[in-house]
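One letter stands for each residue in the lines below.
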Amino acid sequence: MAKLLEGKPIAEKIKEEIKQEVQALKHKPVLASIMAGENAGAVSYVKSQTKVAENLGIEYKLHNLAQDTSEATLIDFIKKLNADKSVNGIIIQMPLPAQIDYKKISQFILPEKDVEGMHPVNIGKIVFGKAKILPCTAAAVMELLKETGVDLYGKEAVVVGHSEIVGKPLSLLLLDKFATVTVCHIGTSKAGKLEEHVRTAEILIVAVGKAGLIKGDWVKEGAIVIDVGINRVADKIVGDLEFEPAEKHASWITPVPGGVGPLTVTMLMRNLVEAAKLQQ
Ligand code: NDP
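Residues numbered from 1 in each chain as written. Predicted model: local features only at pLDDT ≥ 70, side-chain atom pairs only at ≥ 80, totals over all residues. Heavy atoms only, no water.

## Regarding the pairing of strand β5 (residues 156-160)
Line of reasoning, step 1. Where burial is concerned, most of β5 is hidden: four out of the five residues are buried.
Line of reasoning, step 2. As judged from the five bridges shared by β5 and strand β6 (residues 180-184), these two strands associate in the parallel manner. Residue Glu156 lies in a different strand from β6, and its bridge partner there is Thr180.
Line of reasoning, step 3. Where the polypeptide runs from β5 across helix α7 (residues 167-176) and back to β6, its parallel neighbour, the crossover connection is right-handed. (Buried < 20%, exposed > 50% of the residue type's maximum accessible area, 1.4 Å probe, protein only. Helix = DSSP H or I, 4+ residues; strand = E, 2+ residues; numbered from the N terminus. Pairing = 2+ DSSP bridges. Right-handed = clockwise from strand over helix to strand, strands pointing away.)

In structure tokens, the structure reads:
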């Protein structure tokens, strides 16, 4: 039976390190958060980010823009925050109103203030193994893997999902640790090859957003399984993988909720401290 790989205790440990790093900075770090309009999801992220920031000694400044804010206005606002030396990091809350294209406007955040790690410069640095600011979810997965104490060198790692925020950066981070990485996506499923690849995984990471996509009995004996997926099924939150049958085969497995989720805000705050250090 697998050991449970929970995010909360790891997050608590990292938060202690962040607190010490915050104290060592010359100034209290400031995270500017932009929310356009009022969306229940964004409001709830802001609430949890505010609480974590406060606990770590980070100043969280929320900028609430109108629902009808144009892209041009938002870009100007980002430029002002870029120029403001007291601001160390900038985050844009999702979802945004329909008239705003996140990909377009997020490129205007200076790479050294991009605490979500999604600016092309920061993504590019991952390729060179030089990134200090990492996409939060991918970084959270790497922390979970680190906690198992298993050396990734030469391991068969299978990543299911190739999104820009999770699957793609994660596959590069795994490669950097010398895992042999296979990335599966919709094309893999359509070719009927998903099961075949998943069965080879010594490290299995699933980030798709489809409940029950990965059958529990596909999991290789002793595999480390990280389920990033979040799906609401009959008022319950579940991952992309059938948990009960999978935990019979895995050596480590993340619960959903309680695995990756609790670590992502912590990774955001760690990025902010890195950003503040880079700016000093
Ligand atoms: P995206 O929708 O951006 O990406 C999903 C990926 O899965 C795409 O690469 C897609 O391929 C692929 N895919 C879709 N269907 C299949 C299939 N049948 N077989 C194989 N691959 C498939 O989602 P995200 O990466 O943003 O998020 C993935 C999941 O992780 C979601 O449930 C999300 O809620 C969760 N999440 C959780 C976080 C946390 O903190 N715990 C943080 C971020 C995300 P294609 O694009 O080619 O269709």
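## Focus: the pattern of salt bridges
Line of reasoning, step 1. Scanning all chains against the criterion turns up eleven salt bridges.
Line of reasoning, step 2. Two residues, Glu164 and Lys103, come together in a salt bridge whose shortest N-O distance is 3.3 Å. Separated by 61 residues along the polypeptide, Glu164 in the loop between β5 and α7 and Lys103 in helix α4 (residues 102-106) bring together distant segments of the chain.
Line of reasoning, step 3. Two residues, Glu274 and Lys277, come together in a salt bridge whose shortest N-O distance is 3.3 Å. You can see Glu274 and its partner Lys277 sitting in helix α11 (residues 261-279), three residues apart, about one turn around the helix.
Line of reasoning, step 4. A relative accessible area of 18% places Glu274 in the buried class.
Line of reasoning, step 5. Because the salt bridges share partners, they merge into one network encompassing Glu21, Glu274 and Lys277. (Salt bridge = Lys/Arg side-chain N within 4 Å of Asp/Glu carboxyl O.)

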